[in-house]
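Coordinates in review
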Amino acid sequence: MIRTATTSSGTSRQLIAWGSRALTALVGLLVASLAYRGYWRNDAPKMRSLAIGIFLLTTGVFITVAVVSRLDAGTGLVLLTRGLVTVAGLGFVLYALVYQ
């Protein structure tokens, strides 16, 4: 028989997964703030674009998924918004590396 109820091990897995995503967002925020500090120190627009890209790829995705999930949106909408934020972040990183 298939059990559909959430067990304590299922809850702990969700907590571990959420914690690892939150840690990724926190470290990404630290790296993005260092890049932004480099922008201010050297007046280098590349660093600003890189900081925005790193922020979007890490912290931005985490915040977006958390907000959209809290709105009880379907899985498809969560994946769509996550993908859009990821593409925007990669676009900023690409712009920083290639065009500036």
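Structure report, in brief. (Residues numbered from 1 in each chain as written. Predicted model: local features only at pLDDT ≥ 70, side-chain atom pairs only at ≥ 80, totals over all residues. Heavy atoms only, no water.)

Moving on to the packing of aromatic side chains. Tallied over the entire structure, the rule returns 5 aromatic pairs. Here the aromatic rings of Tyr-36 and Trp-40 are separated by 6.2 Å at their centres, their planes lie at 80°, and the arrangement is edge-to-face. With Tyr-36 and Trp-40 both in helix α1 (residues 8-42), this residue pair falls 4 residues apart, about one helical turn. Three or more aromatic residues joined by ring pairs form one cluster here, namely Tyr-36, Tyr-39 and Trp-40. (Phe/Tyr/Trp six-rings, centres within 6.5 Å; stacked < 30°, edge-to-face > 60°. Helix = DSSP H or I, 4+ residues; strand = E, 2+ residues; numbered from the N terminus.)

Attention now goes to helix α3 (residues 75-98). Because an α-helix packs 3.6 residues into every turn, residues spaced three or four apart end up facing the same way. For α3, spanning 24 residues, the distance from its first C-alpha to its last is 34 Å, which sits close to the expected 34 Å at 1.5 Å a residue. Buried within α3 we find Val-78, Thr-81, Val-85, Gly-89, Val-93 and Ala-96. Considering only its buried residues, α3 is in contact with α2 (45-70). (Expected span 1.5 Å × (residues − 1). Buried < 20%, exposed > 50% of the residue type's maximum accessible area, 1.4 Å probe, protein only. Contact = heavy atoms within 4.5 Å.)

Turning our eyes to something else, we now look at α2. Compared with the 38 Å implied by 1.5 Å per residue over 26 residues, the 35 Å span of α2 between its first and last C-alpha is a close match. By the largest-angle criterion, Leu-56 marks the main kink of α2, which is about 45°. Remark: Asp-72 follows α2 within two positions and exhibits a positive phi of approximately 55°. (Bend = angle between axes of the 7 residues up to and from the residue.)

The geometry of α2 relative to α3 is characterised by a closest axis approach of 7 Å and an angle of 175° between their N-to-C directions. For the element pair α2 / α3, the angle class is roughly antiparallel. Residue classes in the contact of α2 with α3 are distributed as 17 nonpolar, 8 polar and 2 charged. (Axes fitted to C-alpha atoms, helices over the stretch in contact; angles between N-to-C directions. Parallel < 35°, antiparallel > 145°, perpendicular 65-115°, else oblique. Nonpolar A, V, L, I, M, F, W, Y, C, P; charged D, E, K, R; others polar.)

That is the geometry; function is a separate question.
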